[in-house]
Amino acid sequence: MRRLKVEDLAQIKKKRREEIKLSQAGPFRVRVVVHLGTCGLSAGAGSILEAFEAQVASHPEAKVHLLKCGCGGFCAREPMAQVEVLGMEPVTYVDLKPKDVKTIFEEHVLKGKVVEAKRLPPEESFFRRQHFIVLRHRGLIDPENIEDYIAYDGYTALAKVLTSMTPEQVIAEVKASGLRGRGGGGFPAGVKWETCRQAGEERHEERYVICNADEGDPGAYMDRSVIESDPHSVIEGMIIGAYAIGSHQGYVYIRKEYPVALEKLNIALAQAREYGLLGENILGTDFSFDIEVHRGAGAFVCGESTALMASLEGRAGIPRAKYIHTVEYGLWNKPSCLNNVETWANVPVIINQGASWFTQIGTGDVTNNPWGGSKGTKVFSLTGKVKNTGLIEVPMGITLREIIFDIGGGIPGGKKFKTVQTGGPSGGFLPESLLDLPVDFDSLTEAGSMMGSGGMIVGDEDTCMVDMAKYFINFLLEESCGKCVPCREGLRSMHAILERITKGQGREGDLEALDDLARVMTQSSLCALGQSAPNPVLTSIRYFREEYEAHIRDHKCPAGVCPDLYEMTIVPELCSGCMVCARYCPTQAISGEKKKPHRIDRNKCIKCNVCYSLCKFGAIKKT
Amino acid sequence: MEVKAELIQAILQKWQYRKDFLIEILQDVQDEFHYLPQPVLVAMARYLEIPVNQIYEAATFYKAFSLEPKGKYQVSVCKGTACHVRGAATVQGALERELGIKMGETDKNLEFTLEPVRCLGCCGLAPVITVNQDVYGKVEASEVSKIIEKYRKGGETAKTTVTMGKGGRP
């Protein structure tokens, strides 16, 4: 492939669109889209793809375009596939098994008859409230094919920037769009770019653009999905940013736990280089830029900007104080602009559609103040005790209720909603009374939580708030780099108190002690990890104080999670005597005869919960 | 232990002997040996012309690295929030009983290592465990023995497989 010039893009777009168009006469009459993100693959999408490939090979007359896409978003219903027959509405099939493929192929693809049993009902609300900007190519492109990306207007924003805009104009556009950092902090991207450019210009120095793909928050996988499904949108965003800032070298720092994303990214980078979209003289202009990939090695703190840059330099990822900003002295002490995956992926759309289009979506007013509102959309991974777990993109300002109950379909198993946790370990828990809170940077911060990178974990009545707070503190305790005392020792002390409370040894004054520790940590920790670490504890105390008090005063865990604070019992009226629990009990604590109610020997029971999860009759209760 | 110089040089060659790729280099060593053997680290330091302590700083900081040999089968329990909410602790308990080792330990025969893993990002399948490259989604504590039994019998699979349990019922 020769290196592209600006005018070649339109030709490739036209050619590729023509190639993949469904028509009677053309090469393809049917399109089958298989979603191959990590979620899909883990659920068995690989064998679904093989089954379709076998069918396509044995039916060349069907003229099927088999498209290998990234994440389909609806994780709970993976593996998914979409079938579009010429002249018919596309149909999404869910929960597929390899044996279903033959039926779908023979009925739908060959005869045009939709297989109702496996289809996602058109009235399903999961996709309805969503607004795709970052996930705009979901189900449309093969992430391993750059021409697919170009066919859907890929790299046109880059061409526009290189041919008709000055770096200053690009920065002004991004500033006017009100785009704020999607990694959690919510710092206006345009302001960051401008400062970085200025610092470089003043000192006549090389500057770097960096993409933070070290998505460490447990329960969050937005960035992984974007890279797996649409890596070129991130690359294009980075090149545009580099042009605006005046950088010639970029880095992607990606966590090693994401092998599929890494593979797609490397393929995309190689293709971009081959097509002349990276390297010397991009699109035939005199602008040159390239991107290098570094794998993280399992350290949560490396998502912090200074720690990430230390890690890029080949050192331990330990943060430093930030009174000197990284936009002035960052990687190798040069001006460095770090944005996360989702932020970069927004950039091409903003350039193509314009800032005024972007600001129509979202809340607040950013005309004079880039912090004045939250514009655009946000991608969330909706997980935990919710029916429709999945990856969603919603306009800023949507309420938590709409996300959890309309898109998420509510709580499964007839249980009651209790809490939603946003912002990962640095965020907080929000109670039912705040369900109508609009989701934007400022409202969430005000409520004591934060937007964070986009993990949204729902808890039901079986979720113990003290246990959850302990979970996050334990996570942070393990991940604290140990450089500064407030974070290192504060987390240790907090964990000790929470551990005591969950063991029924809580004392009066514990909550006040937690509060004191939180204040010190917030005010005096070196980096955001320590400063925001107390959030899960503070919000759970603020909104669920009675649950802490039940643990401390009554030595009870109302949710039945903390093993020392409940007993397992079998309700004789509900027990059918099926013996399943007795068979699986690892300590033989359950005795009883067939078809007669069983009983649990509390001295032998280790509360492993095996019986609780096995009982089909709800006969095992925690009291 | 004897370390082949060619092997070390091949890894360093791949990363162009660049010091800023140290983390990448160590990951390749870890993949090769399943831990970071001391002679290799010392040799690396010599080739890269950096002090050994700089390598140890990185080697002991990142979770992906181990200075101790690991078992043939690495059993990892995802410690992501979604898995936690959906009962990862119960599954962990069952694994500890089944393997007779605690989280973070390796058994005497160097057969199994039980480890926590940071969120794998397939939260829709929670709770998730992996044994080497095999993924088990929606695992239930009662299914753990059967899973481990397979590997005791030497049933390593050549390619990544996915097995769905009946658990994870919220």
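Being a predicted model, the structure only gives us computed values, none of them experimental. (Residues numbered from 1 in each chain as written. Chains lettered and ligands numbered in written order. Predicted model: local features only at pLDDT ≥ 70, side-chain atom pairs only at ≥ 80, totals over all residues.)

A closer look at the overall build of chain A
Thinking step 1. On a plain count of helices and strands, chain A comes out with 24 helices and 19 strands.
Thinking step 2. Expected size for 623 residues packed as a compact globule is a radius of gyration near 25 Å; at 26 Å, chain A falls within 12% of this value.
Thinking step 3. Projected onto the principal axes, the alpha-carbon positions of chain A cover approximately 80 × 65 × 40 Å.
Thinking step 4. Out of the 623 residues belonging to chain A, those deemed buried represent 56%. (Helix = DSSP H or I, 4+ residues; strand = E, 2+ residues; numbered from the N terminus. Rg over C-alpha atoms; globule rule 2.2 N^0.38 Å. Buried ≥ 20, exposed ≤ 12 C-beta atoms within 10 Å, placed from the backbone.)

A few points about the interface of chain B and chain A
Thinking step 1. At the interface, 41 residues of chain B touch 49 residues of chain A.
Thinking step 2. For the side of chain B that touches chain A, the elements supplying multiple residues, two or more each, are helix 2 (22–33), helix 4 (52–61), helix 5 (81–85), helix 6 (88–99) and strand 4 (134–137) of chain B.
Thinking step 3. Split into classes, the residues belonging to the side of chain B that touches chain A amount to 20 nonpolar, 12 polar and 9 charged. (Contact = placed C-beta atoms within 7 Å. Nonpolar A, V, L, I, M, F, W, Y, C, P; charged D, E, K, R; others polar.)

Quick look at the domain arrangement of chain A
All names here are of chain A.
Thinking step 1. The domain boundaries assigned to chain A delineate domain 1 (19–69 + 81–118), domain 2 (146–360), domain 3 (465–553) and domain 4 (567–622).
Thinking step 2. On the domain 2 side, the residues contacting the 5 residues of domain 1 number 6 residues.
Thinking step 3. Considering only residue class, the side of domain 1 that touches domain 2 consists of 3 nonpolar, 2 polar and no charged. (Domains from an automatic or database assignment.)

Points about helix 15 (residues 400–407) of chain A
Three- or four-residue spacings in an α-helix give side chains the same orientation, since the helix completes a turn every 3.6 residues.
All names here are of chain A.
Thinking step 1. Among all positions in helix 15, only Leu400, Ile403, Ile404 and Ile407 are buried. Looking down the long axis of helix 15, one finds its buried residues gathered within 120 degrees of arc, a one-sided arrangement.
Thinking step 2. Buried positions along helix 15 lie against strand 11 (377–384), strand 12 (390–395), strand 13 (417–422), strand 14 (428–431) and strand 15 (455–460).
Thinking step 3. Downstream of helix 15 by a residue or two, Gly409 has a phi angle that is positive, lying close to 75 degrees. (Arc of directions from axis to C-beta.)

Description of the packing of helix 9 (residues 222–229) of chain A against helix 13 (residues 341–353) of chain A
Residues and elements named next belong to chain A.
Thinking step 1. Close contact between helix 9 and helix 13 brings their axes to 9 Å; oriented N to C, the two are set at 45 degrees. As the angle between them shows, helix 9 and helix 13 are arranged oblique. Taken together, the residues of helix 13 that come into contact with helix 9 (itself represented by Met222, Asp223, Val226 and Ile227) are Val341, Glu342 and Ala345. (Axes fitted to C-alpha atoms, helices over the stretch in contact; angles between N-to-C directions. Parallel < 35°, antiparallel > 145°, perpendicular 65-115°, else oblique.)

Considering the nonpolar core
Thinking step 1. If you look at the biggest cluster of nonpolar residues, it comprises 240 residues, and the most contacted ones within it are Val34, Ile239, Ile240 and Ile403 of chain A together with Val128 of chain B.
Thinking step 2. Those residues in contact with Ile239 of chain A that sit more than four places away from it in its chain are Leu158, Leu277, Ile282 and Phe289 of chain A. (Core = buried A, V, L, I, M, F, W, Y, C linked by C-beta atoms within 7 Å.)

A closer look at the packing of helix 7 (residues 167–177) of chain A against helix 13 of chain A
All names here are of chain A.
Thinking step 1. The contact between helix 7 and helix 13 brings their axes to 10 Å, and the two run at 100 degrees. Classified by the angle between their axes, helix 7 and helix 13 sit roughly perpendicular to one another. Residue-level inspection shows Glu173, Val174 and Ser177 of helix 7 in contact with helix 13, the latter providing Val347, Ile350 and Ile351.
Thinking step 2. Of the residues contributing to the contact of helix 7 with helix 13, the split by class is 4 nonpolar, 1 polar and 1 charged.

Quick look at unusual backbone geometry
Thinking step 1. The peptide bond linking Glu78 of chain A to Pro79 of chain A adopts the cis configuration, its omega dihedral lying at -5 degrees.
Thinking step 2. Here Pro79 of chain A shows up in the loop between strand 2 (64–69) and strand 3 (81–85).
Thinking step 3. At the junction of Ala126 of chain B and Pro127 of chain B, the peptide bond is cis and its omega measures out at -10 degrees in the coordinates.
Thinking step 4. For Pro127 of chain B, the location among the structural elements is in the loop between strand 2 (112–117) and strand 3 (129–131).
Thinking step 5. Although it is not a glycine, Asp153 of chain A adopts a positive phi angle of roughly 65 degrees.

Here's the deal with the sheet that holds strand 15 of chain A
Residues and elements named next belong to chain A.
Thinking step 1. Taking strand neighbours across the sheet as the criterion, the 5 strands line up as 12-11-15-13-14 in an open arrangement whose pairing is mixed. Unpaired on one side and paired on the other, strand 12 and strand 14 mark the two borders of the sheet. Across the sheet, the mean angle from the axis of one strand to that of its neighbour is 30 degrees, orientation sign disregarded.
Thinking step 2. Sheet topology places strand 13 next to strand 14; 4 bridges connect them, and they run antiparallel. From the neighbouring strand, Gln421 faces strand 14, where its bridge partner is Phe429. (Pairing = 2+ DSSP bridges.)

A few points about the sheet that holds strand 8 (residues 336–340) of chain A
Residue and element names in this part refer to chain A.
Thinking step 1. What the 4 strands build is an open sheet, ordered 7-6-5-8; its pairing is parallel. Every other strand in the sheet has two partners, leaving strand 7 (290–295) and strand 8 as the edge strands with one partner each. With strand direction ignored, the average angle separating the axes of adjacent strands in the sheet is 20 degrees.

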